[in-house]
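Chain and residue survey
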Amino acid sequence: MDELWKLGIMLLIAVILGYAGVVLSIILGPKRPNKEKLEPYESGVRPGKWPRGRLAVKYFLVAVIFLIFDVEAILLFPWALHVNDLRIIAAFEGGFFILVLLVGYVYAWAKGAIKWL
Amino acid sequence: MNFVKDIYLIQPELVLSIGVLVSLLVDIVSTKSTKFLVPIFSLIALSITAFFVLTNFYNEGEAFKMLSITSLSRAFDIAILLGAAITTLLAWDREGEHHFLVLSATLGAMVLVKSISFISFILSLELFSFAVIGQIALSKDLAGTGAALKFFILSVIASSFIILGAALLYGIFGTFYFPKIFLETSFKPIFQAKPLFFIISFILIFVGLAFKISAVPFHFWTPDVFRGAHSSVAGFIATVSKASAFGFLVNFLYIIFGNVPYLWGEILIWLGAITMLVGNLAALGENDIKRMLGYSTIAHAGYILVAFGIGTDTSIGAAIFYLIVYTLMTLGAFAVVNSIGENNSSLENYKGLSKNNGIQAFLLLIFMVSLAGIPPTAGFVGKFYLFSEVIKSGEYALAIWAFLNGVISAFYYIRPVFYAYGREPKYEVKSALNPAIMLAFIVGFVGILYLGLAPSALLDFISSAFTH
């Protein structure tokens, strides 16, 4: 409890410093906007069209299916490294984990989520 | 072998998790003409799970240092499975994915009430929340999408509160395992060392749970989400979500913070008292029956919170009895809303209901009378036991307060019934009465009258969970 005031001072300084940078640059900085400066990414690729347009829903489907394999791979790596050290339980648990994701994949396949590829 | 014993303890959860996977496969093989296969399979999976819950009711123990299986948590399971089965009946015509999501959410809720580790707690909470968000978002109209977005943002905020609180507790005790935290608080003078963070973590996790049980002042999402969601989903949030959050509250209050009841007893009682008043007063002005039922669930959450604040075995038993009764009557009321039509939820459409839709008007009468707590329905018995627990604990002012709230609630519960019987029809309401809705009506009607006239069987069963 007694130590907490130090933390409070640190928080206060952090907040003041954070806001000071933003506020001071608004007050003191010169403002000479031109077309190049107002672009979202300076020196980047010139934006072609309005960013809030429509995207094909296929991209989202691919992202979700990718997630199935991605998460599976990430979680199976440590499992595969240690499956020999663990008991037979680990094999069952890994198998059940793959089964769960397999059902999800079969569902996506049957509903035609990857038909267009 | 220890592993086999743990697996043996969690049989119902395993059965349900296999049911979740198979329901998705059933959805694939069912065509447009055999769409009814998915809800039928879903009901079968739920009833097999319920069978396993009942046969293993007195098997107690700890599984994987993650779940604590007690008869008390199995009693909460009964309320959860009952709610899930009736919502499956209400959602008979919806997409197959809906039933898959109902099963997943039920699995999440069943694991949630048994969690004694922050890992299983947060995982099951997320499983539950995301399945419910999916259910809301399956109504692809503007209202449904808006409700899904509101519920998503609020449940993410609630989860982040809970995770921050869990992180603080981990920082103090160095463990996710609740019984270890209980031991540490009972033997070590942890309160002299870091009482501030202990209290803050209590507040953070409790705020997250208060979002789930829609306690004041975290109740604002309830009527909006109920209005936009399909009535079966609204009923699911009102019953299963509450039952699971209250079930977890038992572990949370009596294990993690079990050594410091002076910290939360008064808070829960005051919060419950304010919650019931706010819910009842806000419901008075509502002209939309779904929003009105949303405020009514807030008021009922207040009654149950008070029972938890008193915190004796019998008061928790009365709370479980009330939860089961509340599941039956709230889902019955939502079944009436479903049969009158999702978009006809304005009270104007309920004027003169008895002329053209006699069955719905009569059942509306029964369910509303039960929600208001008038004999001979189960709502009266539930309120009676709850309030008598309040009186036994010596909180007379609280008992009078709760009784006055019951009187206020009678006004808005009786209004739709008065419209249905006392007014001329304003609009032509085309109601749908398919066999599934009829079955939901029968379950609700028979359950409420049976528990209202002969409650002792269920009460003995629930109290046997404490004394066996």
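What counts and how
- Residues numbered from 1 in each chain as written.
- Chains lettered and ligands numbered in written order.
- Predicted model: local features only at pLDDT ≥ 70, side-chain atom pairs only at ≥ 80, totals over all residues.
- Helix = DSSP H or I, 4+ residues; strand = E, 2+ residues; numbered from the N terminus.
- Rg over C-alpha atoms; globule rule 2.2 N^0.38 Å.
- Buried ≥ 20, exposed ≤ 12 C-beta atoms within 10 Å, placed from the backbone.
- Core = buried A, V, L, I, M, F, W, Y, C linked by C-beta atoms within 7 Å.
- Axes fitted to C-alpha atoms, helices over the stretch in contact; angles between N-to-C directions.
- Parallel < 35°, antiparallel > 145°, perpendicular 65-115°, else oblique.
- Left-handed = near helix turned anticlockwise from the far one by under 90°.
- Contact = placed C-beta atoms within 7 Å.
- Nonpolar A, V, L, I, M, F, W, Y, C, P; charged D, E, K, R; others polar.
- pLDDT = per-residue confidence, 0-100.
- Domains from an automatic or database assignment.

Before going further, it helps to examine the overall build of chain A. Looking only at helices and strands, one finds three helices and zero strands in chain A. Starting at the N terminus and walking to the C terminus, you meet the elements of chain A as α-α-α. Taken over C-alpha atoms, the radius of gyration comes to 26 Å for chain A, far larger than the 13 Å a tight globule of 117 residues would show. When the backbone C-alpha atoms are referred to their principal axes, chain A occupies close to 65 × 55 × 20 Å. Split into buried and exposed, the 117 residues of chain A put 0% on the buried side.

Our focus in this paragraph is the overall build of chain B. Tallying secondary structure elements over chain B gives 21 helices and two strands in all. Against the 2.2 N^0.38 benchmark of 23 Å for 468 residues, chain B shows a C-alpha radius of gyration of 21 Å, consistent with a compact globule. Its C-alpha atoms give chain B principal-axis dimensions of about 70 × 55 × 40 Å. Burial statistics for chain B: of 468 residues in total, 56% are counted as buried.

Within soluble globular proteins, side chains that are nonpolar tend to cluster in buried spots. Core analysis: the largest hydrophobic core is formed by 170 residues, its most contacted members being Ile304, Val306, Ala319, Ile320, Tyr322, Leu323 and Ile324 of chain B. In terms of residues, this core owes the most to one element, helix H15 (residues 313–340) of chain B, which gives 19 residues.

Now for the packing of helix H14 (residues 289–310) of chain B against helix H19 (residues 396–422) of chain B. All names here are of chain B. Contact pair H14 / H19: the axes reach a minimum separation of 12 Å and the direction vectors enclose 165°. As far as their axial angle goes, H19 and H14 are roughly antiparallel. Relative to H19, H14 is oriented so that their crossing is left-handed. Listed contacts from H19 to Ile289, Met292, Ala299, Tyr303 and Val306 of H14 are Leu398, Ala402, Asn405, Ser409, Tyr412 and Pro416.

To continue, consider the environment of Thr314 of chain B. Residues and elements named next belong to chain B. Turning to its location among the elements, Thr314 is positioned in helix H15. Exposure remark for Thr314: the 17 C-beta atoms within 10 Å place this residue in the partly exposed category. Expressed as a C-alpha distance, the spacing of Thr314 and Glu286, which sit 28 residues apart in the sequence, is 35 Å.

Here we take up the interface of chain B and chain A. In this assembly, six residues from chain B lie in contact with six residues from chain A. Counting residues per element, the side of chain B that touches chain A draws most heavily on helix H2 (residues 11–29) of chain B, at four residues. In the side of chain B that touches chain A, the residues fall into six nonpolar, no polar and no charged.

For chain B, the mean per-residue pLDDT works out to 88, and 98% of the residues sit at or above 70. Interface predicted TM-score (ipTM) for the complex: 0.76; the corresponding pTM is 0.87.

Residues and elements named next belong to chain B. The step from Val216 to Pro217 runs through a cis peptide bond, and the omega angle for that step is 0°. Relative to the helices and strands, Pro217 resides in the loop between helix H10 (195–212) and helix H11 (221–228). Residue Pro376 follows Pro375 across a cis peptide bond; omega there is 10°. Counting through the fold element by element, Pro376 comes out in the loop between helix H17 (358–372) and helix H18 (378–392). Its identity is not glycine, yet Lys65 carries a phi of approximately 60°, on the positive side. With respect to the secondary-structure elements, Lys65 resides in the loop between strand E1 (61–63) and strand E2 (67–69).

Here we come to the confidence of the model for chain A. For chain A, the average pLDDT comes to 83, and 97% of its residues sit at 70 or higher. At the low end of the mean pLDDT range in chain A sits helix H2 (residues 57–82) of chain A, at 85; at the high end sits helix H1 (residues 4–28) of chain A, at 90.

Partitioning chain A into structural domains gives domain 1 (1–31) and domain 2 (57–110). Taken over C-alpha atoms, the centre of domain 1 of chain A sits 46 Å from the centre of domain 2 of chain A.

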